[in-house]
Amino acid sequence: MSSPDWWVTIVAAGVPAVAAVNAAIIASRASKSARRAEIKAQQVRDLEERVHSKKHEMYEPMLTTFQKLLTEAPPVGTDAEEALHRLRSFSTWVLIYGSDEAIAAFRRFKQGPGDPGADMWQLYADFILAARKDLGYPETGVSREHVVGLYKADA
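A short tour of the structure in this document, coming up. (Residues numbered from 1 in each chain as written. Predicted model: local features only at pLDDT ≥ 70, side-chain atom pairs only at ≥ 80, totals over all residues. Heavy atoms only, no water.)

### Looking at the side chain of D134
Tracing the backbone shows D134 in helix α4 (residues 120-134). Its relative accessible area of 11% is what places D134 among the buried residues. At 3.0 Å, the side chain of D134 and the backbone nitrogen of S99 are in polar contact. With residues up to four places along the chain from it excluded, the contact list for D134 reads K55, Y59, Y97, G98, S99 and A102. (Helix = DSSP H or I, 4+ residues; strand = E, 2+ residues; numbered from the N terminus. Buried < 20%, exposed > 50% of the residue type's maximum accessible area, 1.4 Å probe, protein only. Polar contact = N/O pair within 3.5 Å; in protein donor to acceptor, adjacent residues only side chain to side chain. Contact = heavy atoms within 4.5 Å.)

### Considering the pattern of salt bridges
Within this structure, the stated rule accounts for six salt bridges. We note a salt bridge from E57 to K54, for which the minimum N-O separation is 3.8 Å. Taken as a pair, E57 and K54 lie in helix α1 (residues 3-71) at a separation of three residues, close to a single helical turn. By relative accessible area, K54 is classed as partly exposed at 30%. (Salt bridge = Lys/Arg side-chain N within 4 Å of Asp/Glu carboxyl O.)

### Points about the packing of aromatic side chains
Under the definition given, this model contains eleven aromatic pairs. Arranged with centres 6.0 Å apart and planes meeting at 55°, the rings of Y59 and F127 form a pair that is tilted. Highlighted residues: Y59 in helix α1 and F127 in helix α4, separated in sequence by 68 residues. Of the two residues examined, Y59 and F127, each falls in the buried class. On the basis of an interplanar angle of 75° and a centroid distance of 4.8 Å, the ring pair of F90 and F106 is categorised as edge-to-face. Of this pair, F90 sits in helix α2 (residues 78-97) while F106 sits in helix α3 (residues 100-111); the two residues are 16 residues apart in sequence, bridging distant segments of the chain. Assigned by exposure class, F90 and F106 land together as buried. Connected via pairs of aromatic rings, a cluster forms that spans Y59, F66, F90, F106, F109, W121, Y124 and F127. A cation sits over an aromatic face here: K54 above W93, 5.4 Å from the ring centre. (Phe/Tyr/Trp six-rings, centres within 6.5 Å; stacked < 30°, edge-to-face > 60°. Lys NZ or Arg CZ within 6 Å of the ring centre and 35° of its normal.)

Structure follows, in structure tokens:
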């Protein structure tokens, strides 16, 4: 065997070996990168779940309070103080966790109807719809009429 043939054999055997090592290194790096992306995605999902949970905790007492204000006699004494406390607490937390639409609807409800043609039920319905969207129903088909109709049907 002549000297050039010997080198050709070594190079021919070495090239696939080097390619295999490089492929293994690239696959390892890609795997680590995919794992990091998976961990980051899980962290984002966990954060979204915590925010959603916090939004639910925030909306529930306020929606109950509004519903009572609209369907029952005005609160007095301790009940009035509790309602005011909930309103103040909600005002703080809706600014942190609420969507822009929910904040605007809450402000309109809290200020009451500026237009004599509007009523509190319509403002309440707007707030309910904004809360629904904020809690994960952005494509809701529920309308103001649905919300108001549920309560007016009970009256």
